[in-house]
Structure formats: structure tokens, C-alpha cells
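# Close look at the chain arrangement
These are the residues of each chain, in order.
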Amino acid sequence: MPGGSSNNSRRQSPNHLPRSNLYTAPAVAHDEHHEHDHEHDHDHDHEPEEDAREQAELEARRRLALAQIRQYGDPALRLIAHPVEDFDDDLRRLVDRMIVLMHEAQGVGLAATQVGVLRRLFVFEPDEEGPRTIVNPVIVERGEETLTDEEGCLSLQGVRVPVQRATSIVLEGKDPNGEDVRYELDPYGSRIVQHELDHLDGVMIIDRTDDEHRKEALATLRPRAVLR
């Protein structure tokens, strides 16, 4: 899941929804309708080709976005981010760039440290209301109930591990203009936010999982050398 985040419960974006059959041809009763029906047949013939082209474009954008996101082994991912002091145009440009990268990488969250910027902020999108940004985030309330679920990460390609998280939190911080914000989050949003907060402290999902899954993840991230 999270961003970082990407996880099994990630909602499908419109780009990933199956194409519905928007046209059903009526039964042909007269010859004058044949040409019209053949035109629609040709339209249907092009749909798989259009779908394939669209998916190829999305995948190309995803790979390009991932190339701009720091990957496992990059020192920036282990550093602790500093509080943001200046709420200026540079900060807002950074936020805009992070939102674009999050979307194109098909994630639901992205921390500043994942783009090599040691500032305490992240972007996330836990629902259909659009992306959100929080600067200098702090968890002010944390529920007692926890849930273990599988998480992935845009900085740990090919890795998914179980992580235990609180199912409800209240998050406070600032928006990119320096205004106060407060989010009361459901289990899915809470998981994303805790994942991104970890990034700001140099912590990753492989640090949160059990020994067995950590070893499997490290084997994926550090493939054995091939003898020739």
C-alpha cells in the first residue's frame, strides 16, 4: 500500500477500471441498418487496441515516476526530515511535483524524503476526495485497536510485507500555505499516514515486519549475483 504507499486494498483509479460495453447493437431488421451496425463493429474492434495503448502509456508514466523516487539503498530514505519553517512558493512547487509523481507512480502516498528532500511533509490520497498535503504532521490521537495488513512501498519495488498499524488516528499539521489542518482517519487512511510518517523518520516497512518477511524482502531487494 502506502507510498510511498501501495497496498492490496488500494482503490482502483478510473484509469484501472474495466471498460464497460457502452453500446449494444439492436437486432437488425432492415438492410439500411447494416452499414450503421458495421461502423459500430469496427468501433468495438478498436477498443482492445485502445485499451492496450492506454495501459502501455500508464505503465511508461509509472516507470518514469518511479525513476524519480528514491529506491531502497538510497541514504536519503534513512535520514530524519527537518521541520518546515518557510511556507513559500518553493514548498508549494515541491508539493505539486510530489502529487504528480504519486499519481503517475500509482501510489496513494509519498513523503518528501522519497524525492530526496529532508522536509517533514507528505502527500496522500486515502479516498475519492482528491490528494491532500500535510506539513509538519503530528499524530495527536491514536486508537488502541490495531490491524496487521500487507503493505507495499514505491521505494521498495517488488516487496509486500505484513505490518501492524493502529486503525484510527487523528493527525494535525499545516497545509502548504501554513494553515492548520486536522484529519480524523479511518483504518485505510490511518495506515497510509503511519506509513508516510515512518518515511519522515527514516523508517521503512521492512523495519516494521516480522523476521521471516524481512528476510524474504531483503532477498528480493538484494538479488544474488549471477555466476557466469
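Keep in mind it's a predicted model, so treat the numbers as computed, not measured.

Here is what the cut-offs are and how they apply
- Residues numbered from 1 in each chain as written.
- Predicted model: local features only at pLDDT ≥ 70, side-chain atom pairs only at ≥ 80, totals over all residues.
- Heavy atoms only, no water.
- Helix = DSSP H or I, 4+ residues; strand = E, 2+ residues; numbered from the N terminus.
- Contact = heavy atoms within 4.5 Å.
- Areas by Shrake-Rupley, 256 points an atom, 1.4 Å probe, with all protein chains shown as cover.
- Pairing = 2+ DSSP bridges.
- Axes fitted to C-alpha atoms, helices over the stretch in contact; angles between N-to-C directions.
- Phe/Tyr/Trp six-rings, centres within 6.5 Å; stacked < 30°, edge-to-face > 60°.
- Buried < 20%, exposed > 50% of the residue type's maximum accessible area, 1.4 Å probe, protein only.
- Expected span 1.5 Å × (residues − 1).
- Arc of directions from axis to C-beta.
- Polar contact = N/O pair within 3.5 Å; in protein donor to acceptor, adjacent residues only side chain to side chain.
- Salt bridge = Lys/Arg side-chain N within 4 Å of Asp/Glu carboxyl O.

## Concerning the overall build of the chain
When its secondary structure is counted, the chain shows five helices and seven strands. When the elements of the chain are put in sequence order from the N terminus, they spell out α-α-β-β-β-β-β-β-β-α-α-α. Counting only contacts in the chain whose residues sit at least 6 apart along the sequence, the fraction spanning at least 24 positions is 71%. Accessible surface, the chain as shown: approximately 13200 Å² in total, 49% of it carbon and sulfur.

## Focus: the sheet that holds strand β7 (residues 180-185)
The sheet built from five strands is open, its strands ordered β1-β2-β3-β6-β7 with antiparallel pairing. What marks the edges here is a single partner per strand, and that holds for β1 (109-111) and β7. Taken pair by pair, the neighbouring strands of this sheet meet at an average axis angle of 40°, ignoring direction. By the bridge criterion, three bridges tie β1 to strand β2 (residues 121-124) in an arrangement that is antiparallel. Counterpart to glycine 109 in the pairing with β2 is phenylalanine 124. Sheet strands in contact with helix α2 (residues 89-104) are β1, β2 and β3 (132-142), and its direction is about 40° off that of β2. Its contacts with the sheet place helix α3 (residues 187-200) against β1, β2, β3, β6 (169-174) and β7, and it is angled at close to 150° to β2.

## Notes on the packing of aromatic side chains
All told, the structure shown has two aromatic pairs when counted by the stated rule. For the ring pair phenylalanine 124 and tyrosine 183, a centre distance of 5.7 Å and an interplane angle of 85° mean the geometry is edge-to-face. On the criterion of sequence distance, the pair formed by phenylalanine 124 in strand β2 and tyrosine 183 in strand β7 is long-range, its members being 59 residues apart. Per residue, the accessibility class of phenylalanine 124 equals that of tyrosine 183, and both read buried.

## Comments concerning α2
What sets the pattern is the α-helix's 3.6 residues per turn: residues three or four places apart point alike. With 16 residues, α2 ought to run about 22 Å at 1.5 Å a step, and its terminal C-alpha atoms sit 23 Å apart, in line with that. Residues Leu91, Leu94, Val95, Met98, Ile99, Leu101 and Met102 constitute the buried set of α2. One face of α2 carries all of its buried residues, which in axial projection span an arc of 165°. Two to three positions downstream of the cap, the backbone nitrogen of aspartate 90 sits 3.3 Å from a side-chain oxygen, assigning the N-cap of α2 to aspartate 88. Glutamine 106 sits one or two residues past α2 and shows a positive phi near 65°.

## Looking at the pattern of salt bridges
Oppositely charged side chains can pair when the atoms bearing their charge come close. The full count for this structure, using the stated rule, is 21 salt bridges. The salt bridge involving arginine 182 is made with glutamate 172; its shortest N-O contact spans 2.4 Å. Of this pair, arginine 182 sits in strand β7 while glutamate 172 sits in strand β6, and the two are ten residues apart along the sequence. Of the residues examined, glutamate 172 reaches a relative accessible area of 29% and is grouped as partly exposed. The salt bridge partner of arginine 208 is aspartate 198, with a shortest N-O separation of 2.7 Å. Remark: aspartate 198 occurs in helix α3 and arginine 208 occurs in helix α4 (residues 205-208); sequence separation between them is ten residues. Since its relative accessible area comes to 45%, arginine 208 is described here as partly exposed. Among the residues examined, aspartate 198 registers a relative accessible area of 8% and is labelled buried.

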